[in-house]
Amino acid sequence: MLKKILLGMMALIVVLVAVLLVRTFSYGSGSVGDRIELADVPAVSAEEAAAHLSEAIQFRTITVAPGDPRPGQEGPWLEFQDWLQATYPAAHAAMKRELVPGTLTLLYTWEGSDPSLNPLLLMAHQDVVPVNIGTEGDWTGAPFAGEIIDGYVYGRGALDDKGNLIALMEAAEALAKAGFQPERTVHFMFGHDEEVSGSGAQAGIALLKSRGISPEMVLDEGFMVLDPSPLTGKRMGFIGVSEKGYTTLVITAHATGGHSSMPPRNSAAVNLSRAIISLDENQMPADFSKPPISDLLEASSRDMPFMNRMAFANLWLFKGMVDSSFSKIPAGNAMIRTTTAPTMLAGSAKENVLPQRAMATVNFRIHPNDTPESVMQHVKDLTSDIEGIEVSLGEGGISSPASPVSPTDNRAYAVLASVAEKVGDGAPAAPSLVLGATDARYASAISKNVYRFAPALVKEEDTHGFHGTNERLEVANMKRLSEGYAQIILGMDGPNE
């Protein structure tokens, strides 16, 4: 009898191993969506484009709070826009330029010869974040000097987002000089306040909507080709097909106040702490079965270590282990679930007074699997058994869902993936989820094909410059970006096949 049980167990193990191996070796094709043959484009000088980026960085288009720039402080934007006109004469001769009414957001229109084709919308933003006071001396190149040192352009905005803006204009200038006339109308939109609210891009999208414009593709900042990818340890292109939503909740604990010499066991501060710990220990669930995460894992499978590939191919067995592994890394955790971040605390105004109300502000970045309503319900469910807890929307009531997930089975994605793989010298490109907010979030009101990608090859260590010290962009990337954007324009031109 025992022998039969052992034989049966061994047979089950053999079957299990066979299933795991078959699923592993058949998992993923290494690509998502189609690819196209890219057209030749006019050459762009990396050095000249980098010199232009250097000049652009010197315009201090800094935004700190919604409403920036304040009246009377528009000078850097206006000077920058005049500089664009002087620096790119062929592009400005080919396109109509206008300011979105009531804003400093630029909108260019390069009229196509076939008005029946939906246009292309390429986006970037003019503004930059400030440099933390006292850290200026930590920079290799002064933050607003645009210095070029050892093959890099240093300065605030080099990565985010003047590098992309200048490269778009370099592409337009090169194409215009070469005599290119698009069949499909091309729009360029350069928001003026993306870093604080994106009101300029929001107004620009509303303007396009009022004109009945529905772009065939919208492209904004977001991802690039990373070397190496944190997912595979190898070079890989990421194309943002969605970005996370945003909501802030206030958790308030109510209790009897009084003198701290006679504290109760369940004060407002204690109950608030219980609520915060409950949220931290019970994160919102991860889901690997839906795009863009499912597509990202499949597209990157060819470059994964064997054990990782086996785990992703057999989530029915290894989901808990994969979830735990992702959750240990902040960026990985943010990729697979709605994140929970307590950011502000308030209570008593004096050390010997018990608060009648203790409050925590908790910021959530919402995954496409969730909604602001499901986040609110999650928090209420977790805190329902804690005495005196109230959950409400944060001040200002700002709450927005994740953007829709854009398709990967169309020409737009095929063009972007083809350009990404060229920039990466054959490295795979995959759809992914942008963790922060971009101006592109407004564009889903006029197009279902909204993507976030820049054709640059960026080393992992250089990504730390986003909003940080020593923001920089490799000079060679100005050629990649400029020619990559030109290839995107040509790849999208003409009727869909």
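In this text, all values refer to a predicted model and were calculated from it rather than measured experimentally. (Residues numbered from 1 in each chain as written. Predicted model: local features only at pLDDT ≥ 70, side-chain atom pairs only at ≥ 80, totals over all residues. Heavy atoms only, no water.)

### What about empty space enclosed by the protein?
And step 1. Overall, the coordinates contain one cavity of 30 Å³ or more when judged by the stated rule.
And step 2. Taken as a whole, the largest cavity encloses approximately 50 Å³ of empty space.
And step 3. Taken together, Tyr152, Leu159, Leu457, Val458, Lys459, Asp462, Arg472, Leu473, Glu474 and Asn477 make up the lining of the largest cavity.
And step 4. Elements with a contribution of two residues or more to the lining of the largest cavity: strand E17 (450-459) and strand E18 (472-474).
And step 5. Its residues assigned to classes, the lining of the largest cavity comprises five nonpolar, one polar and four charged. (1 Å grid on protein atoms, 1.4 Å probe; cavity = no way out; pocket = protein on both sides within 12 Å on 5 of 7 lines; lining within 4 Å. Points joined across faces, edges and corners; volume = space filled by probe spheres on them. Helix = DSSP H or I, 4+ residues; strand = E, 2+ residues; numbered from the N terminus. Nonpolar A, V, L, I, M, F, W, Y, C, P; charged D, E, K, R; others polar.)

### Structural notes on the domain arrangement of the protein chain
And step 1. Assigned domains within the protein chain: domain 1 (46-241 + 404-492) and domain 2 (243-400).
And step 2. For domain 1 versus domain 2, the separation of C-alpha centres amounts to 32 Å.
And step 3. Contact with domain 1, which involves 26 residues of that partner, is made by 19 residues of domain 2.
And step 4. It is Leu231, Leu433 and Leu435 in domain 1 that bury the most area against domain 2; as a group they hold 37% of the surface buried on that side.
And step 5. In this structure, the connection of domain 1 to domain 2 is made through one salt bridge.
And step 6. Between Glu243 and Arg452 there is a salt bridge whose closest N-O contact spans 2.7 Å.
And step 7. Among the elements of the structure, strand E8 (236-243) and strand E16 (429-434) are those that each provide at least two residues to the side of domain 1 that touches domain 2. (Domains from an automatic or database assignment. Contact = heavy atoms within 4.5 Å. Buried area = accessible area lost by both parts, 1.4 Å probe. Salt bridge = Lys/Arg side-chain N within 4 Å of Asp/Glu carboxyl O.)

### Examining the sheet that holds strand E5 (residues 152-154)
And step 1. An order of E4-E5-E18 is seen for the three strands of this open sheet, with the pairing classed as antiparallel. A strand with exactly one partner marks an edge of an open sheet, and here the two such strands are strand E4 (148-149) and E18.
And step 2. In this structure, E4 lies alongside E5, joined through two bridges in antiparallel fashion. Residue pairing across strands places Ile149 opposite Tyr152, the latter belonging to E5. (Pairing = 2+ DSSP bridges.)

### Some thoughts on the packing of helix H2 (residues 46-57) against helix H14 (residues 475-492)
And step 1. Interhelical geometry of H2 versus H14 gives an angle of 100° and a closest axis separation of 8 Å. As judged from the angle between their axes, H2 and H14 are roughly perpendicular. On H14, the residues that touch Ala46, Glu47, Ala49, Ala50 and Leu53 of H2 are Val475, Ala476, Met478, Lys479 and Ser482.
And step 2. Each residue belonging to the contact of H2 with H14 can be placed in one class, and the counts come to seven nonpolar, one polar and two charged. (Axes fitted to C-alpha atoms, helices over the stretch in contact; angles between N-to-C directions. Parallel < 35°, antiparallel > 145°, perpendicular 65-115°, else oblique.)

### Remarks on unusual backbone geometry
A negative phi angle is the norm for most residues apart from glycine, just as the trans form is the norm for most peptide bonds.
And step 1. The omega torsion of the bond from Asp68 to Pro69 falls at -5°, within 30 degrees of zero and hence cis.
And step 2. Locating Pro69 in the fold gives a position in the loop between H2 and helix H3 (75-87).
And step 3. Geometrically, the link from Asp227 to Pro228 is a cis peptide bond, its omega value of 0° lying close to zero.
And step 4. Mapped onto the fold, Pro228 is located in the loop between strand E7 (217-227) and E8.
And step 5. The backbone of Asp150 sits at a positive phi, close to 50°, despite the residue not being glycine.
And step 6. With respect to the helices and strands, Asp150 occurs in the loop between E4 and E5.
And step 7. In this structure Asp150 comes out as exposed when scored by relative accessible area, which is 74%. (Buried < 20%, exposed > 50% of the residue type's maximum accessible area, 1.4 Å probe, protein only.)

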